[in-house]
Amino acid sequence: MGTTLNDTPSADRTHIAFFGRMNSGKSSLLNALAGQEISIVSPVSGTTTDPVKKPMEIHGIGPCVLLDTAGFDDSGELGSQRVAQAKRAADQADLAVLVWNAVQHAAHPQAFDFTQEKLWYDLFQKKGTPVILVVNQTDGVSADSLAKLVQSIETEFGQAPLKVSALCKTGIEELMRELIARVRSREAVRYITGDLVREEDLVLLVMPQDIQAPKGRLILPQVQTIRELLDKKCLAVCVTTDKLDQALAALRKPPKLIITDSQAYRAVYEKKPESSLLTSFSTLFAAYKGDIGYFVQSARVIDTLTARDRVLIAECCTHAPLDEDIGRVKLPRLLRKKTGDGLTVEVVSGPDFPQDLSGYRLVIQCGACMFNRKYVMARVNAAKEQGVAMTNYGVAVAYLNGILDEVIY
């Protein structure tokens, strides 16, 4: 079933992720917040393997995704893979909840030096991710034992933890209020079209419906952009590329903004009215989800690529490759036309993104309609830290076509 205008894609939901040791009570806490059994709760360590995601609506937060992760003290070969999955969830988290189990601590206080918790807390601080500290299963320990744990956490982290019992449902409302407060204090609302258009501006969307367009549906970036334009009270007109001439002739005035697909850049640019601004869905999403300044700067690396270099194409969705696929066919062809056939172009899909980027001269990210901004920026920051140029589909195509300076963003 396709995405409708009323659906909120996962990528546009606030991601709230729960982290802690095995059996710290993450799953029971998530279930208590959701009011339903989402994650399996078991006394057996390692029950949660891959991150469990639950899209839902929370009053005061709006559309969000709750993520339950494996314990970060998991061990062994499978355990290390689970921890790696938890780290990927950390890249997606707009807000992190770090959980302690009061019963575990009371039974083995000498084992709790907070080393692992501090490593994860510092990771979130580095990512700029707000962290809420929570002590769960407070119903199972004495008041004195609980007070010692709370004081130890506050001393170590400079922040008092919330005291919660998922079983007895105590402290859940306080945790919910804290979640709402932290979400509301996050960055201001971002718009796909930024401040390019306002109410009653005429916007022409030129949308090729080729083999990559799902039959009977629009692709997600098109749906989200149209919905935003409607919310902004813009005058939105949609047309396929082959009807662009007729659409422009039928309009009483030139559109304020024309939005098209990356692959139609050149054709639309040659026909657009002089006064109309031009951009693409991918370029808009580059600014909406990532670092547009770094993407534009990095695109200029294309001029210095040689046949001996390696380029990484990073797709978000895991679709079966199609004829004339932009990431797997068109971009590599355009790049090799400029550098020669020896250029190595590698493609990764979904969450598969190498930690070591040092072997690449350039990373080209797709529009990332399936990922939230936090996850995309984790990739951008990784590239920056390793000194690797990173751009995106729309920016790269515009640069390769020689019209990047004419594209608005």
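About the cut-offs
Residues numbered from 1 in each chain as written. Predicted model: local features only at pLDDT ≥ 70, side-chain atom pairs only at ≥ 80, totals over all residues. Heavy atoms only, no water. Pairing = 2+ DSSP bridges. Helix = DSSP H or I, 4+ residues; strand = E, 2+ residues; numbered from the N terminus. Axes fitted to C-alpha atoms, helices over the stretch in contact; angles between N-to-C directions. Contact = heavy atoms within 4.5 Å. Left-handed = near helix turned anticlockwise from the far one by under 90°. Nonpolar A, V, L, I, M, F, W, Y, C, P; charged D, E, K, R; others polar. Buried < 20%, exposed > 50% of the residue type's maximum accessible area, 1.4 Å probe, protein only. Phe/Tyr/Trp six-rings, centres within 6.5 Å; stacked < 30°, edge-to-face > 60°. pLDDT = per-residue confidence, 0-100. Parallel < 35°, antiparallel > 145°, perpendicular 65-115°, else oblique.

As a further point, take the sheet that holds strand 9 (residues 257–260). Pairing is parallel across the open sheet formed by 4 strands, whose spatial order is 8-7-9-10. Edge positions in the sheet fall to strand 8 (235–239) and strand 10 (277–280), since each of these pairs with one other strand and no more. With direction set aside, neighbouring strand axes in the sheet form an average angle of 20 degrees. Pairing analysis gives 4 bridges linking strand 7 (residues 202–206) to strand 9, with the strands arranged parallel. From the neighbouring strand, Val206 faces strand 9, where its bridge partner is Thr260. Each of strand 7, strand 8 and strand 9 touches helix 7 (residues 220–231); the most contacted strand, strand 7, lies at about 170 degrees to it.

As a further point, take the sheet that holds strand 11 (residues 310–314). The pairing of strands in a sheet happens through backbone hydrogen bonds and is either parallel or antiparallel. Strand order in this open sheet of 4 strands is 12-11-13-14, and the pairing throughout is parallel. A single partner strand is all that each edge strand has here, and the edge strands are strand 12 (344–348) and strand 14 (389–392). Pairwise comparison of adjacent strand axes, ignoring direction, gives a mean angle of 20 degrees for this sheet. Across 4 bridges, the pairing between strand 11 and strand 13 (residues 362–365) is parallel. Among the inter-strand pairings, Val311 is bridged to a residue of strand 13, identified as Leu362. Set on the sheet, helix 12 (residues 326–339) makes contact with strand 11, strand 12 and strand 13; between it and strand 12 the angle comes to about 160 degrees. Sheet contacts for helix 14 (residues 393–400): strand 11, strand 13 and strand 14; angle to strand 14, the most-contacted strand, approximately 90 degrees.

Where helix 2 (residues 76–92) contacts helix 4 (residues 115–127), the two axes come as close as 11 Å, and the packing angle between them is 30 degrees. Seen along the crossing, helix 2 lies across helix 4 with a hand that is right-handed. Side by side, helix 2 and helix 4 meet where Val83, Ala86, Lys87, Ala90 and Asp91 of the first sit next to Trp120, Leu123, Phe124 and Lys127 of the second. Of the residues contributing to the contact of helix 2 with helix 4, the split by class is 6 nonpolar, no polar and 3 charged.

As for its placement among the helices and strands, Cys316 is situated in the loop between strand 11 and helix 12. By relative accessible area, which is 6% here, Cys316 ends up buried. A C-alpha to C-alpha distance of 9.7 Å links Cys316 and Phe353, two positions 37 residues apart in sequence.

As a further point, take the pairing of strand 1 (residues 14–20). Taken across its 7 residues, strand 1 has 7 buried, putting it largely inside the fold. Pairing between strand 1 and strand 3 (residues 62–68): 5 bridges, direction parallel. Considered in strand 3, the bridge of Thr14 is made with Cys64. Judged from the 5 bridges that link them, strand 1 and strand 4 (residues 95–101) form a sheet pairing that is parallel.

All told, the structure shown has 10 aromatic pairs when counted by the stated rule. Their ring planes at 35 degrees and their centres at 5.5 Å tell us that Phe19 and Trp120 sit as a pair that is tilted. Pair noted here: Phe19 is in strand 1 and Trp120 is in helix 4, with a separation of 101 residues, a long-range link. Under the relative-accessibility criterion, Phe19 is labelled buried at 0%. Trp120 gets classed as buried once you look at its relative accessible area, which sits at 7%. Arranged with centres 6.1 Å apart and planes meeting at 50 degrees, the rings of Phe114 and Phe157 form a pair that is tilted. Pair noted here: Phe114 is in the loop between helix 3 (102–107) and helix 4 and Phe157 is in helix 5 (residues 143–157), with a separation of 43 residues, a long-range link.

For the protein chain, the average pLDDT comes to 87, and 89% of its residues sit at 70 or higher. Scored below 50 in pLDDT, residues 1–6 makes 8 contacts in the model with residues more than four places away or belonging to other chains.

To characterise two packed helices, one gives the angle between the axes of the helices and the distance between these axes. It is at 6 Å that the axes of helix 2 and helix 13 (residues 373–385) come closest, and there the two elements cross at 105 degrees. On the basis of their axis angle, the class for helix 2 and helix 13 is roughly perpendicular. Facing Arg88, Asp91 and Gln92 of helix 2, the residues of helix 13 in contact are Lys374, Tyr375 and Ala378.

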